[in-house]
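Secondary and tertiary structure notes
Residue strings, one per chain:
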Amino acid sequence: MTRVIRVSERGTFKRCRQRWDYSSPARQGLAPRGAPTALTFGSLVHAVLEKWLLEPDIDVEITTVQCANEELKQLKARYKEAVGVNPNDDELDAFYQSVELAIQLMVGYKEHWGGPLPEGFELVQPEQTLRVPIYPGPVYEDVVLQGTLDGLLRDTISGQLFILEHKTYGIRPRVDTLENNDQFLAYMWMAQKVFGEPIGGMVYDGMWKREVTKKRTLDDIYFRTVLTRPQYELDMFASRLVGEIQDMLGSLNSQPNIYLNRRWEGCHDCPFDKLCQAESKGEDAEYIRK
């Protein structure tokens, strides 16, 4: 049986092994239920952009509404299964507000950029999941690293492959942070292994989840850049990855050591904090787990 390590869970493991143990599908596989009427704003925008990549002439406003309606049907079904009745309009208010913002931002996106791709790039493939075998020793011959690309592009002049990354964010990222992003480095290394050719870099396409105002222009909301990494850094990633996988999977006769890491800034952003606290203090955690 193939053992899958996701690109994103490596960061979770290095931040807090206990959180990783809760969330990883290879471990306990827990996930917070959240509000049954919540809309993942980023997922809606990603769905619209994927359709736009495949059909450059679509009406993005109509497509956003269509994608939102598809999500609403699924949301109502999940709600009814959990609660027994359909949600009312008050319970769906936050959902509708998120849809209104998504429509505004997608219309502004087309006004600002004109299309879903930067000039000089052509689409090779939209959303694509990659799996790369990892061999940190004979015990781990069935291990793969998995990551999903928002798109694969090709530079129309150089012919080099580039990875497309769509991001919606609540806080605008710093360029130096993007230039050192671990997830992007992992994607470039994986793509290079899978396609057998050098990867030019990442085409970063960001969107700030804010309404356009007199003081907040389209230039503030939308941000595109190309991020590159040297081959030395990609090779260093590969050598370090072996040690990461060994730590995450343990040895032939033992499981990895699991312990929590409460950092100085606290665990306010961890969805398992209540469960972790209850278990750490010897309280009844079963209700929280359920």
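Coordinates for the structure precede this section.
Residues numbered from 1 in each chain as written. Predicted model: local features only at pLDDT ≥ 70, side-chain atom pairs only at ≥ 80, totals over all residues. Heavy atoms only, no water.

Here's the deal with the environment of Gln 277
Quick note on the threshold: What counts as a helix is a DSSP run of H or I of at least four residues, what counts as a strand is a run of E of at least two, and both are numbered from the N terminus.
Counting through the fold element by element, Gln 277 comes out in helix α10 (residues 273-280). Sequence separation between Gln 277 and Asn 86 is 191 residues, and the spatial gap between their C-alpha atoms is 34 Å.

Describing helix α1 (residues 7-15)
Think of an α-helix as turning once every 3.6 residues; residues three or four places apart then point the same way. Inclusion rule: Three exposure classes are used, based on accessible area relative to the maximum for each residue type with a 1.4 Å probe and protein chains only: buried under 20%, partly exposed in between, and exposed over 50%. By construction, the arc corresponds to the directions joining the helix axis to the C-beta atoms. Only heavy atoms enter the contact rule, under which two residues are in contact if any of them lie within 4.5 Å.
Those residues of α1 that fall on the buried side of the exposure criterion are Val 7, Glu 9, Arg 10 and Phe 13. Burial along α1 is one-sided: seen end-on, the buried residues are contained in an arc of 155°. On its buried side, α1 packs onto β1 (3-6), α2 (17-23), β3 (143-155), α7 (182-195) and α9 (231-249).

Observations regarding the pattern of salt bridges
Here is the rule: Think of a salt bridge as a Lys or Arg side-chain nitrogen and an Asp or Glu carboxyl oxygen that are within 4 Å of each other.
Counted by the stated rule, this structure contains 16 salt bridges. Across the salt bridge formed by Arg 10 and Asp 182, the nearest N and O atoms sit 2.8 Å from each other. Residue Arg 10 is located in helix α1, and its partner Asp 182 is located in helix α7; the two are separated by 172 residues in the primary sequence. For Asp 182, a relative accessible area of 31% corresponds to the partly exposed category. When the shortest N-O distance is used, the salt bridge between Lys 14 and Glu 244 registers 2.9 Å. Of this pair, Lys 14 sits in helix α1 while Glu 244 sits in helix α9; the two residues are 230 residues apart in sequence, bridging distant segments of the chain. According to the relative accessible area criterion, Lys 14 is partly exposed, its value standing at 49%. Judged by its relative accessible area of 14%, Glu 244 is buried. Look at the salt bridges and you will find they share partners, linking Arg 10, Lys 14, Asp 182 and Glu 244 into a network.

Here's the deal with the nonpolar core
Operational definition: Only buried residues count toward a nonpolar core, which is a set of Ala, Val, Leu, Ile, Met, Phe, Trp, Tyr and Cys residues joined through side-chain atoms within 4.5 Å.
One finds Leu 145, Ile 163, Trp 189 and Met 207 to be the most contacted residues of the largest nonpolar core, which totals 59 residues. In this structure Leu 145 touches Ile 5, Arg 6, Val 7, Arg 10, Leu 130, Arg 131, Val 132, Ile 134, Trp 189, Met 190, Phe 237 and Leu 241, once residues within four positions along its chain are discounted. The next biggest cluster of nonpolar side chains, apart from the first, holds eight residues, and it includes Tyr 22, Phe 272, Cys 276 and Ala 285.

Section: the packing of helix α4 (residues 60-83) against helix α5 (residues 93-113)
Stated formally: Helix axes are fitted to C-alpha atoms over the stretch in contact, other axes to C-alpha atoms as well, and angles between N-to-C directions run from 0 to 180 degrees. Geometric relationships in this document are graded by angle, where less than 35 degrees denotes roughly parallel, more than 145 denotes roughly antiparallel, 65 to 115 denotes roughly perpendicular, and other angles denote oblique. Helix crossings are classified by the rotation of the near helix relative to the far one: an anticlockwise turn of less than a right angle makes the crossing left-handed, while a clockwise turn makes it right-handed. Residues are grouped as follows: nonpolar covers Ala, Val, Leu, Ile, Met, Phe, Trp, Tyr, Cys and Pro; charged covers Asp, Glu, Lys and Arg; every other residue, Gly included, is treated as polar.
Their axes nearest at 9 Å, the elements α4 and α5 cross at an angle of 155°. Taken as axis vectors, α4 and α5 run roughly antiparallel relative to one another. The chirality of how α4 crosses α5 is right-handed. Contact residues: Val 60, Glu 61, Thr 64, Val 65, Ala 68, Glu 71, Leu 72 and Leu 75 in α4; Phe 95, Tyr 96, Val 99, Ala 102, Ile 103, Met 106, Val 107 and Lys 110 in α5. A per-class count over the contact of α4 with α5 returns 12 nonpolar, one polar and three charged.

Brief notes about the packing of α1 against α7
It is the contact of α1 with α7, at a shortest axis distance of 9 Å, that shows an interaxial angle of 140°. Between α1 and α7, the crossing angle belongs to the class labelled oblique. α1 and α7 meet at a crossing whose hand is right-handed. Only Asp 182, Gln 183, Ala 186, Tyr 187 and Met 190 of α7 make contact with α1, whose side of the interface consists of Val 7, Arg 10 and Lys 14. Here the contact of α1 with α7 is composed, by residue class, of four nonpolar, one polar and three charged.

Some details on the side chain of Glu 9
The criterion, for reference: Polar contact is the term for a pair of N or O atoms within 3.5 Å; when the atoms are in protein, one must be able to donate a hydrogen and the other to accept it, and sequence-neighboring residues count only if both atoms are side-chain atoms.
Here Glu 9 shows up in helix α1. A polar atom in the side chain of Glu 9 sits 2.7 Å from the side chain of Trp 20.

Brief notes about the packing of aromatic side chains
Just so we agree on the cut-off: Pairing of aromatic rings covers Phe, Tyr and the six-membered ring of Trp, with a centre-to-centre limit of 6.5 Å; geometry is then stacked below 30 degrees between planes, edge-to-face above 60, and tilted otherwise. By definition, being over a ring means that NZ of Lys or CZ of Arg is both within 6 Å of the ring centre and within 35 degrees of the ring normal.
Counting across every chain of the model gives nine aromatic pairs. Among the aromatic residues, those joined into a ring-pair cluster are Trp 52, Tyr 109 and Tyr 222. Looking at Arg 172, its charged tip hangs above the ring of Trp 208, at a distance of 5.2 Å from the centre. Residue placement shows Arg 216 over the ring face of Trp 208; its charged tip is 5.5 Å from the ring centre.

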